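Observations on the three-dimensional arrangement
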Amino acid sequence: MLLYAGRRLTYGLLVLALVATLVFLIIRLIPGDVVRLQLADAPGVTQAQIDQRTTELGLDEPVLIQFGHFVGGLVQGDLGTSFDDGRPVTTKILERLPATLELGLLAILFGVLFGVPFGLISAIRHHSLIDNVMRFLAVIGMSLPNFWLALLLITFLALWFGWSPPLVYASPTENLSQNLIHMLLPAIALGAATMASIARMLRSSLLEVLGSNFIRTIRSRGASERVVVLKHAGRSSMIPVFTVLGLQVGSILGGTVILERIFAIPGMGSLIFEAVGQRDYPVILGCVIFYGAIFIFVNVVVDLLYAVIDPRIRYEGASA
Amino acid sequence: MSHPMLRLQRSPVRTAGAAVAAACLALTAACGTGTDASGKGEIVEDAGPPQDGGILHTAATTDAPSLDIHKEASYMTHVAVGTVYSRLVAPKTGKDVEYGSSELEGDLAEKWSKSDDLKTWTFNLRQGVKFHDKPPVNGRELTSADVKCTVDRIKSLPGHQLGLVANVAKLETPDPYTVVFTLASANTGFDQTMANPFMSILPCEGTSGEFSFAEEAIGTGPFVLKSWKRDQERVMEKNPDYFVEGLPHLDGIQTTVLPDAQAQIAALRSGKLDMISSLSTEKRQVEQLLSQIDGLQLRTEKGITQTRVFMNAAEGPFSKLEVRRAVAHAIDKEGMIKALRSGGSLTGPITPTLFGSLPQDEVDELLEYDPEKAKELLAEAGYPDGFEAELVATDGYGETILREAQWIQEDLGKVGIKLTIDQQDYATYVSSTWPETKYDIMYGLQTPMLTADEYLTSEYTSTGTRNWSRVNDPELDKMVAAQRVITDEAEREKALQDIERYIMENVSTPLPLYAYDTQTLYSGKVHNYYPHPDYSSRELQNMWMEQE
Amino acid sequence: MSIAISGAARAARHPKARGGLVRFATEQPLGAVALFLITLFVVVAVLAPWIAPYDPLAQDRVNLLTPPGVGGHPAGTDELGRDVLSRSLYGARTSLLIAVSTLALGGVIGLIVGVVSGYFGGTWIDSVLQRIMDALMAIPSIVLLLFVAALLGPSVRNTVIALSLLVIPSINRVARGEMLRIREEPYVEAARSVGCSTPRILLRYGLPNLMAPLFVMGSLLFAVILIAESALSFLGIGTPPPTPSWGRMLSEGRSQLEIAPWMTVVPGLILSVSVLAFNLLGDAMRDFLDPKQRR
């Protein structure tokens, strides 16, 4: 197991290195000296900074050496300093990271808390009215863009119930209840799709398991449907749910960008958005790499969880 | 991110003289009471004696880039820390003072006087004025030395505000409470210059680098900056040692950065916000809010921010005067105001509220909507079948500007100028496209300036600091230089108006369209809000809130 | 997207389940409805210039921000007096253009990578390609899009490029999985043994087998692209004005949400229904092609 964990982690680092490479390449592949051009556009940037950044990105050197510099800085955790306020990019991102992580986790929590029961009920009562209603709701959950859902929630809750989220973001350590109330709407808006995915995935995998010979045997022994589903089928059908979670991380992270903006949450999403507006290149690059790192980390964790739930995976998955 | 409220708050980079504020700003400006048809939204003028206490909750759509009022061109910085600082003198505000009045009152100065040759200005400071009790200044008394430190700092920094003190040849401080300015040339309005929010007096500890003005603001103003969480909130607390007895009334001001307009409106409904600046565009929204929220007050602010069509006078199809004049006549400006703004008035190069501006009827005539005439002018210019061009606009000023750009696109299309819209982000627009004249035709805003001369000199003379349309008209240069030395008021007004007429007829770029009105909504329990169109928000010291 | 991948992967295991449209319709009534909606969507997109009541850019200056039904505008007008219905219909055109271009660009690249990778499954070529795909997948789409938009500036072309980066790894996954499977099929081995060249084998046997799972994947990705495009436009970095786009319309109308809901409800509804239809169709095709799901 340890060996497996080590291997997954190494693999994760490898992919992260590739993310950095890709980011680097995308900048390089864009025609023209875009970086330099964009640097010059950034407000408040001095020629000295442009030259320094050009040197930092090594734009005056051969590509391979440039790449060396880039990776060199990265390995030391040095993502440069922000054009905007001159502070280290890493510091800026780490300040914003907790809010994004919290929002993401709450969205997942919401998705699991509602998605799992919905999926279970749907599977147990499959082809019933309630199943159809829930499936339909799930598909709607997947079809409604999260930003749109968020706007509807924010507007009509205020219009109909005179309620609006707290004005100022409070970190959980400052004021937990205010923090959670602030996070409520964005977490729902963001978690709706996750909920839908989990419910759908759980339903279909449960149905698959329920149709298996193993379950038929149990059922033939007179076990109630509830016992069958919860006790026997549940465990093996949890794996697809984890798959969903691992894959949803990407869209949840992406969704935080818009929702943080709408709800004035000081997370990485609002940071990268501000950075794009200010042409704050080091921050943009730093954020992209950080997002990649979170995604990879979560997926490694999901892989490891799989392995815990179902030891066979270790052998299957190791080669992929 | 694309709501007007969000973007409108970003005004064009401000010039030193642009102290008279952008009207699109929450905490500025009022000129009359706005009411809708139902009579809702009326401002309660007489709410009884002021009550102390309460925290004003307000919102901003973007935060200040930094708190340094000298290094930042963004007026958001002035809005953010305006109430922290004091100036030597400041514009008067109040119920009986006309909006935008240039009448001054002493702020740090108890009294001030000028010599007969208008070259020596003496300011006598109040005694016992204490800085906020924050390290490293620690509540020490303000003296004339701080004034000198401030002026020296402005002189040492690059920036638009340098122009304000460029004329100061010598600054002497004979005693701790006296400051004597000696000017290189006579200036009858030097006290007006000192009333500019850029002239906020900073403590010497800061100018010598003991703390950073970018992150900390220590002044002598009515409110103390308690905390600033960038892009989240600014918290101001009442200054207990404020030099004006009994002020401020409020215990504090809490400003939240809320980029989303819907979120701001929701918070106003739920009572979490006491005040929002509604945008000119959302008049129906405003009407709806007024009819739904009891006691909500609406202040309609007469516009001073101009919308402009910038055309490249040096290159491309718009270098032909006839084409530029065709553009002036092809756009249905009144329709635009009616459809997309809550009000406004057509304007010449000088904003209607300023001395020297053209009479309204004349402006209306010069900018008359007349597509047929536009077509004739185009034919004269050699474009009987029109031509194609790219219209630059930024989403940085909000959705409204983009809508207006599309309105212009349609109008110009009708006379044969087929435009495609090049939507640029604010950074590119303001730092490259505009100042480097990388456009043929562009639509955007112009931050209001303080005087007629500033508009004319900076934008329309060949050597102007903001001549970003590349105007080069020796005749105009001469006229602008000549008006500056006219001392007779009536004569000068006529000269200014002649120049404006000349610009409209012979230059026509940057082509002013209109100055639009804006609206501020605030709760029924907020009283005595009489803003001034500079960015300082000093009027908030007089504001008070009904206590439960 | 999660569902997309696993669903398509599952479908990939059972590609030979084929059947006529009629069987599909009877077995998957929801899928049939979805197919009908999508057909409608495509027809509307293609025929927009003929069926839209007005030019989507024409400004009816007499009828600004009028509610549905007033002044001959069935779904009302926006602040510039443009017909909301016509703009919504043309929005389908913009979305279709972007989605199809994205799928074509991203699909071809993803397909090539996946097929090559799968054919050389287990070798270093496979490993390298797949790690690159993993890396591409690791950057959340919106972040990737913001990044590209920051570098290139907003335009339809750049939106397509940015969204392609999102499509490539998903298509790759399906294609590779399928290739790995058919590589072991007796007929492929037979072809190899008689000396068919690698490209020939890939073309002759690989591609046809890929079509079914790719359709499933394509349908689900279509939904993802529609949402991503609208999110980009909503943020103001997608389709530039005045081109009608659903995301832009939502963004333009959000400040009028309370007073002129039609400005957003119509495009929002059409967007959601389209996304729904593509999701449903993808699901239905997967279930249809997957015997295990048939019960």
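According to the stated counting rule, one finds 18 aromatic pairs over all chains in the structure shown. Ring geometry for Y383(B) versus F387(B): centroids 4.6 Å apart, planes at 50°, classification tilted. Exposure remark for F387(B): the relative accessible area of 10% places this residue in the buried category. With a centroid separation of 4.0 Å and 5° between ring planes, the pair formed by F222(C) and F278(C) is classed as stacked. A residue pair is termed long-range when its members are at least 10 positions apart, and F222(C) in helix α9 (residues 198-234) and F278(C) in helix α11 (residues 262-289) qualify at 56 residues. For the pair shown, F222(C) and F278(C) are each scored as buried. When the ring centre of W407(B) is taken as reference, the NZ or CZ atom of R61(C) above it lies at 3.4 Å.

Residues and elements named next belong to chain C. Summing up the model confidence of chain C, the mean pLDDT is 79 and the portion of residues at 70 or higher is 87%. Taken element by element, the predicted model of chain C shows its lowest mean pLDDT in helix α1 (residues 2-13) (42) and its highest in helix α4 (residues 84-119) (88). Contacts of residues 1-18 to residues separated by more than four positions or lying in other chains number 54 contacts, the stretch itself having pLDDT below 50. Among the prediction metrics, the complex's ipTM stands at 0.76, with pTM recorded as 0.76.

A word on a nonpolar patch on the surface. Taken together, V42(C), V43(C), V46(C), L47(C), W50(C) and I51(C) make up a surface patch of nonpolar side chains, about 550 Å² in accessible area. As for its position among the elements, I51(C) is in helix α3 (residues 29-51).

Relative to the helices and strands, I296(A) resides in helix α12 (residues 281-309). Classification of I296(A) as buried rests on a relative accessible area of 9%. Spatially, the C-alpha atom of I296(A) lies 9.4 Å from that of V249(A), the residues being 47 residues apart in sequence. Sequence-distant contacts of I296(A), defined by excluding residues within four places in its chain, comprise G12(A), V15(A), L16(A), V19(A) and A138(C).

What follows concerns the pairing of strand β6 (residues 168-175) of chain B. Residues and elements named next belong to chain B. Pairing of β6 with strand β7 (residues 178-183), which is carried by 5 bridges, proceeds in the antiparallel orientation. Among the inter-strand pairings, D175 is bridged to a residue of β7, identified as T178. Counting the residues in the hairpin turn of β6 and β7 gives 2 residues.

Nonpolar side chains in soluble globular proteins generally cluster together in the buried interior. Membership of the largest hydrophobic core comes to 156 residues, with the highest contact counts inside it found for I272(A) and L521(B). It is α9(C) that contributes the most residues to this core, 15 residues altogether. In this structure, I43(B), W121(B), V151(B) and M275(B) belong to the second largest nonpolar core, which totals 60 residues.

Below, the discussion takes up the environment of Y460(B). All names here are of chain B. Looking at the secondary structure, you find Y460 in helix α15 (residues 452-460). Owing to a relative accessible area of 0%, Y460 belongs among the buried residues under this scheme. Sequence separation between Y460 and P349 is 111 residues, and the spatial gap between their C-alpha atoms is 9.1 Å. With sequence-adjacent residues up to four places away left out, Y460 is seen in contact with R308, P349, Y455, V471, L476, D477, I503, V507, T509, P510 and P512. Only 2.7 Å separates the side chain of Y460 from the backbone oxygen of P510, close enough to count as a polar contact.

Turning our attention to the interface of chain A and chain B. Size of an interface, as often reported, equals the accessible area lost when the parts are brought together. Opposite the 27 residues of chain A that make contact, chain B presents 29 residues. Remark: the boundary between chain A and chain B carries 0 salt bridges. For the pair chain A and chain B, the number of links is 0 residue pairs in polar contact (both at pLDDT 80 or more). Broken down by secondary-structure element, the contributors of at least two residues to the side of chain A that touches chain B are α7 (146-161), α10 (225-262) and α11 (268-278) of chain A. In terms of residue count, the dominant contributor to the side of chain A that touches chain B is α7(A) (5 residues). Each residue belonging to the side of chain A that touches chain B can be placed in one class, and the counts come to 15 nonpolar, 4 polar and 8 charged.

Contacts between the two partners involve 44 residues from chain C, matched on the other side by 54 residues from chain A. Between chain C and chain A the total buried area reaches about 4600 Å² when both faces are included, carbon and sulfur atoms providing 77% of it. There are 0 salt bridges connecting chain C and chain A. For the pair chain C and chain A, the interface holds 2 residue pairs in polar contact (both at pLDDT 80 or more).

Helices that pack against each other are described as a pair by the angle of their axes relative to one another and the distance between those axes. Residue and element names in this part refer to chain A. Remark: helix α5 (residues 89-124) packs on helix α8 (residues 176-210), axes separated minimally by 4 Å, with the N-to-C direction vectors making an angle of 40°. Helix-helix and strand crossings are classified by hand; for α5 and α8 the assignment is right-handed. Considering only residue class, the contact of α5 with α8 consists of 25 nonpolar, 7 polar and 2 charged.

Turning to the pattern of salt bridges, a few remarks are in order. Counted according to the given criterion, the structure contains 31 salt bridges over all chains. Measuring nitrogen to oxygen at the nearest pair gives 3.9 Å for the salt bridge that ties D411(B) to K414(B). Residue D411(B) and its partner K414(B) are both found in helix α13 (residues 399-415); the two are separated by 3 residues, about one turn of the helix. On the accessibility criterion, D411(B) (1% relative accessible area) is buried. A salt bridge links R131(C) to D134(C); its shortest N-O distance comes to 3.2 Å.

Rules used in this analysis
- Residues numbered from 1 in each chain as written.
- Chains lettered and ligands numbered in written order.
- Predicted model: local features only at pLDDT ≥ 70, side-chain atom pairs only at ≥ 80, totals over all residues.
- Heavy atoms only, no water.
- Phe/Tyr/Trp six-rings, centres within 6.5 Å; stacked < 30°, edge-to-face > 60°.
- Buried < 20%, exposed > 50% of the residue type's maximum accessible area, 1.4 Å probe, protein only.
- Helix = DSSP H or I, 4+ residues; strand = E, 2+ residues; numbered from the N terminus.
- Lys NZ or Arg CZ within 6 Å of the ring centre and 35° of its normal.
- pLDDT = per-residue confidence, 0-100.
- Contact = heavy atoms within 4.5 Å.
- Patch = residues over 30% accessible without salt bridge, like charges linked within 9 Å, V, L, I, M, F, W, Y side chains within 5 Å.
- Areas by Shrake-Rupley, 256 points an atom, 1.4 Å probe, with all protein chains shown as cover.
- Salt bridge = Lys/Arg side-chain N within 4 Å of Asp/Glu carboxyl O.
- Pairing = 2+ DSSP bridges.
- Core = buried A, V, L, I, M, F, W, Y, C linked by side-chain atoms within 4.5 Å.
- Polar contact = N/O pair within 3.5 Å; in protein donor to acceptor, adjacent residues only side chain to side chain.
- Nonpolar A, V, L, I, M, F, W, Y, C, P; charged D, E, K, R; others polar.
- Buried area = accessible area lost by both parts, 1.4 Å probe.
- Axes fitted to C-alpha atoms, helices over the stretch in contact; angles between N-to-C directions.
- Left-handed = near helix turned anticlockwise from the far one by under 90°.

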